[in-house]
Amino acid sequence: MPSKTLKLRRRTQARRHAGTQAPLVVTIDGPAGAGKSTVAKLLAKALGVAYLDTGATYRALAFAVLQEHPEVLADEARLALMARYLPLRLETGRASSLRVFLNGVEITRAIRSQEISEAAAQVSQYPAVRAAMVAHQRALAGGRGVVVEGRDTGSVVFPDAPYKFFLDADLAVRAQRRQRELLELYREPTPLAQIRQELHFRDLVDQSRPVGRLIKPRGALVIDTTHLTAQHVVRRMLQRIGRARLS
Ligand code: DC
């Protein structure tokens with residue numbers, strides 16, 4: 001007699017292989033401020049699947065490093081070891097938002113600080129760290145339906161994803177969006193010129209680094225979001241996916 005667990009596993013496998021076969025994986029890549037997070041959450045909600053922000057995993061690692069071992073910030077081997085055993089847990093909160101936990105302690109807001117942004121940019125440069133984080137990201141996706149968002153999700157994390165998107169937008173518009181995000185986060189305005197300069201610098205770094213470089217993944221549909229609302233973008237994605245469920 002097969003055990004209860006075995007029966008359950010078989011039933012899940014059967015369900016997965018009936019109809020569409022593999023779980024629905026959608027990747028969304030693009031530069032900072034192109035609208036990835038907003039769109040990814042809306043799309044995940046519309047499709048009824050999970051949402052995974054890969055940037056949050058690098059931010060969580062940066063948080064752990066600064067808190068426990070700031071001295072290893074430039075030590076690739078030790079960083080990679082920390083990355084590999086990072087006690088990270090992600091939970092979907094309200095409106096498909098993501099809650100991030102390290103060792104069971106919530107760090108969702110803490111990982112959005114400027115200090116963590118800078119440290120995350122640093123740790124994400126190292127190939128050995130990226131390899132460990134990609135393994136985490138695949139495990140966090142967990143073989144279920146998921147919308148994954150980042151910079152290398154369609155090229156490296158899920159190169160076989162059936163639906164890939166690359167969002168882009170003019171620098172000026174991206175800077176305005178980032179300014180709004182920062183205002184929501186810190187409740188005080190950041191000068192637009194400063195944000196624009198930072199984004200421009202980040203674009204150059206993202207496009208020129210040897211690993212985890214920002215590229216348009218093969219087979220990705222490029223959407224310029226400069227003049228589109230998030231709802232428009234999602235509708236276009238749903239049309240592509242063939243499940244236009246947003247009214
Ligand atoms: O998207 P974000 O700002 O939350 O990302 C935080 C840092 O992690 C940023 O420096 C880019 C990096 N990152 C990456 O290298 N690869 C990803 N897939 C996601 C983020």
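Definitions and cut-offs
- Residues numbered from 1 in each chain as written.
- Predicted model: local features only at pLDDT ≥ 70, side-chain atom pairs only at ≥ 80, totals over all residues.
- Heavy atoms only, no water.
- Salt bridge = Lys/Arg side-chain N within 4 Å of Asp/Glu carboxyl O.
- Helix = DSSP H or I, 4+ residues; strand = E, 2+ residues; numbered from the N terminus.
- Buried < 20%, exposed > 50% of the residue type's maximum accessible area, 1.4 Å probe, protein only.
- Pairing = 2+ DSSP bridges.
- Axes fitted to C-alpha atoms, helices over the stretch in contact; angles between N-to-C directions.
- Contact = heavy atoms within 4.5 Å.
- Expected span 1.5 Å × (residues − 1).
- Arc of directions from axis to C-beta.
- Near = heavy atom within 4 Å.
- Polar contact = N/O pair within 3.5 Å; in protein donor to acceptor, adjacent residues only side chain to side chain.
- Areas by Shrake-Rupley, 256 points an atom, 1.4 Å probe, with all protein chains shown as cover.
- Nonpolar A, V, L, I, M, F, W, Y, C, P; charged D, E, K, R; others polar.

Asker: Any chance you could explain the pattern of salt bridges here in plain terms?
Answerer: Once their charged atoms are close, side chains differing in charge can pair, the charge on each being opposite to the other. Evaluation of the coordinates by the stated rule reveals nine salt bridges. The residue Arg-151 makes a salt bridge to Asp-206 at a minimum N-O spacing of 2.7 Å. One end of the pair, Arg-151, is in the loop between strand E6 (146-150) and helix H7 (153-157); the other, Asp-206, is in helix H9 (residues 192-208), and 55 residues separate them in sequence. Pair check on accessibility: Arg-151 and Asp-206 agree, each one buried. Residues joined in a network through salt bridges with shared partners are Arg-89, Glu-91, Arg-99 and Glu-106.

Asker: Got a minute to help me understand the sheet that holds strand E8 (residues 221-224) in this structure?
Answerer: Sheets are built from strands paired through backbone hydrogen bonds, the pairs being either parallel or antiparallel. Strands sit in the order E2-E6-E1-E7-E8 across an open sheet of five strands; the sheet is parallel. The open sheet has two free edges, formed respectively by strand E2 (50-53) and E8, since each of these has just one partner strand. Recorded for the sheet is a direction-independent mean angle of 20 degrees between the axes of neighbouring strands. Most of the contacts of helix H3 (residues 54-68) go to E2, to which it runs at about 50 degrees, and overall it touches E2 and E6. Across the sheet, helix H10 (residues 230-241) touches strand E1 (25-29), strand E7 (163-168) and E8, and the angle it forms with E7 is around 155 degrees.

Asker: Is there a simple way to explain the sheet that holds strand E5 (residues 105-106) in this structure?
Answerer: What the three strands build is an open sheet, ordered E3-E4-E5; its pairing is antiparallel. Edge strands, defined here as strands with exactly one partner in the open sheet, are strand E3 (88-92) and E5. By the bridge criterion, two bridges tie strand E4 (residues 98-102) to E5 in an arrangement that is antiparallel. The residue of E5 that forms the bridge with Phe-101 is Glu-106.

Asker: Looking at this structure, how should I read the pairing of E7?
Answerer: In summary, the side chains of a regular strand alternate between the two faces of the sheet. As defined by bridge partners, E1 adjoins E7 across four bridges and the pair is classed as parallel. Across the sheet, residue Val-26 finds its bridge partner in E7, namely Tyr-163. Of the strand pairs in this sheet, E7 and E8 are connected by four bridges, and their pairing is parallel. Residue pairing in the sheet places Leu-167 in a bridge with Ile-223 of E8.

Asker: Any chance you could explain H10 here in plain terms?
Answerer: One turn of the α-helix equals 3.6 residues, which is why residues spaced by three or four share an orientation. With 12 residues, H10 ought to run about 16 Å at 1.5 Å a step, and its terminal C-alpha atoms sit 16 Å apart, in line with that. Residues Ala-230, Val-233, Val-234, Met-237, Leu-238 and Ile-241 constitute the buried set of H10. Angular distribution of buried residues about the axis of H10 spans 135 degrees; they occupy a single face of the element. Buried residues belonging to H10 abut E1, helix H2 (36-47), E7 and E8. Directly beyond the C-terminal end of H10, a positive phi value near 85 degrees is found at Gly-242.

Asker: Can you walk me through the site of the ligand in this structure?
Answerer: Surveying the vicinity of the ligand reveals 13 residues, the closest of which are Arg-59, Arg-130, Asp-152, Arg-202 and Arg-209. Arg-59 is positioned such that a nitrogen or oxygen atom in its side chain is 2.7 Å from an oxygen atom of the ligand. When the free accessible area of the ligand is taken as 440 Å², the share hidden by the protein chains comes to 94%. Elements with a minimum of two residues in the shell around the ligand: H3 and helix H5 (114-123). Residue classes in the shell around the ligand are distributed as three nonpolar, three polar and seven charged.

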